[in-house]
Amino acid sequence: MVKHIILWALKHELPDSEKETIKAGIKEGLEGLAGKIPGLIDIKVQIDGRLASSNADVMLDCTLESEAALKGYAVHPAHLEVANTKVRPFTAVRTCLDYEIR
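Anyway, here's the lowdown on the structure attached to this text.

## Digging into the sheet that holds strand 1 (residues 2-10)
And step 1. If you trace the four strands from one edge of the open sheet to the other, you get 2-3-1-4, paired in antiparallel fashion. A strand with exactly one partner marks an edge of an open sheet, and here the two such strands are strand 2 (40-46) and strand 4 (91-100). Averaged over neighbouring strand pairs, the angle between their axes works out to 15° when direction is ignored.
And step 2. One ladder, built from seven bridges, connects strand 1 with strand 3 (residues 58-64); its direction is antiparallel. The partner of V2 across the bridge, within strand 3, is L64.
And step 3. The sheet strands contacting helix 1 (residues 16-31) are strand 1, strand 2 and strand 3, and the helix crosses strand 2 at an angle near 175°.

Shown next, in the form of structure tokens:
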């Protein structure tokens, strides 16, 4: 199995009044991929409880069957739709850690 962890920082120029709605949209969109992408075992998005010591606003934590499943997830049309409409327009920084679970 493979873990796919992403941290995003929202664009600084976004109004604070919109950030909670944007984060909720990212969470709903990504978690909505459950059951739609082959090899995607689990997907969770963390948007609440952020401490002041954090430098990211949103975390994606998902588990996939294999590295091949991760590659398929990356190009799956449902994932690309969420990424292109809910995530990329609002994020400035993306950090990724992919690793095998042993």
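On we go from here.
## Topic: a nonpolar patch on the surface
And step 1. Together, M1, I41, L97, Y99 and I101 give the surface a local cluster of nonpolar side chains, amounting to about 460 Å² of exposed area.
And step 2. Looking at M1, the relative accessible area reads 47%, which means it is partly exposed.

## A short note on the layout of surface pockets
And step 1. Taken as a whole, the largest pocket holds about 230 Å³ of empty space.
And step 2. For the largest pocket, the lining is made up of 15 residues, of which H4, W8, H79, R88 and R94 are closest to its centre.
And step 3. Classifying every residue of the lining of the largest pocket by side-chain character gives nine nonpolar, three polar and three charged.

## Quick look at the packing of helix 2 (residues 67-75) against helix 3 (residues 77-87)
In helix packing, the relevant descriptors are the interaxial angle and the interaxial distance, both defined with respect to the helix axes.
And step 1. Taken N-terminus to C-terminus, the directions of helix 2 and helix 3 make an angle of 55°; their axes are 5 Å apart at the nearest point. Looking at the two axes, helix 2 sits oblique to helix 3. Counting all contacts with helix 2, which are made through Y73, A74 and V75, the residues of helix 3 involved are P77, H79 and L80.
And step 2. Of the residues assigned to the contact of helix 2 with helix 3, the class counts are five nonpolar, one polar and no charged.

## A closer look at the pattern of salt bridges
Side-chain pairs of opposite charge can arise where the charged atoms are in close proximity.
And step 1. This model, assessed by the stated rule, comprises six salt bridges.
And step 2. Between D42 and K44 there is a salt bridge; the shortest N-O distance is 2.7 Å.
And step 3. Relative accessible area serves as the criterion here: at 48%, K44 is assigned to the partly exposed category.

## Some remarks on the nonpolar core
And step 1. Residues L30, L40, L60 and Y73 are the most contacted members of the largest nonpolar core, which totals 23 residues.
And step 2. Within the residue set of this core, elements represented by two or more residues are strand 1, helix 1, strand 2, strand 3, helix 2 and helix 3.

How each quantity is defined
- Residues numbered from 1 in each chain as written.
- Predicted model: local features only at pLDDT ≥ 70, side-chain atom pairs only at ≥ 80, totals over all residues.
- Heavy atoms only, no water.
- Pairing = 2+ DSSP bridges.
- Helix = DSSP H or I, 4+ residues; strand = E, 2+ residues; numbered from the N terminus.
- Axes fitted to C-alpha atoms, helices over the stretch in contact; angles between N-to-C directions.
- Contact = heavy atoms within 4.5 Å.
- Patch = residues over 30% accessible without salt bridge, like charges linked within 9 Å, V, L, I, M, F, W, Y side chains within 5 Å.
- Areas by Shrake-Rupley, 256 points an atom, 1.4 Å probe, with all protein chains shown as cover.
- Salt bridge = Lys/Arg side-chain N within 4 Å of Asp/Glu carboxyl O.
- Buried < 20%, exposed > 50% of the residue type's maximum accessible area, 1.4 Å probe, protein only.
- 1 Å grid on protein atoms, 1.4 Å probe; cavity = no way out; pocket = protein on both sides within 12 Å on 5 of 7 lines; lining within 4 Å.
- Points joined across faces, edges and corners; volume = space filled by probe spheres on them.
- Nonpolar A, V, L, I, M, F, W, Y, C, P; charged D, E, K, R; others polar.
- Parallel < 35°, antiparallel > 145°, perpendicular 65-115°, else oblique.
- Core = buried A, V, L, I, M, F, W, Y, C linked by side-chain atoms within 4.5 Å.

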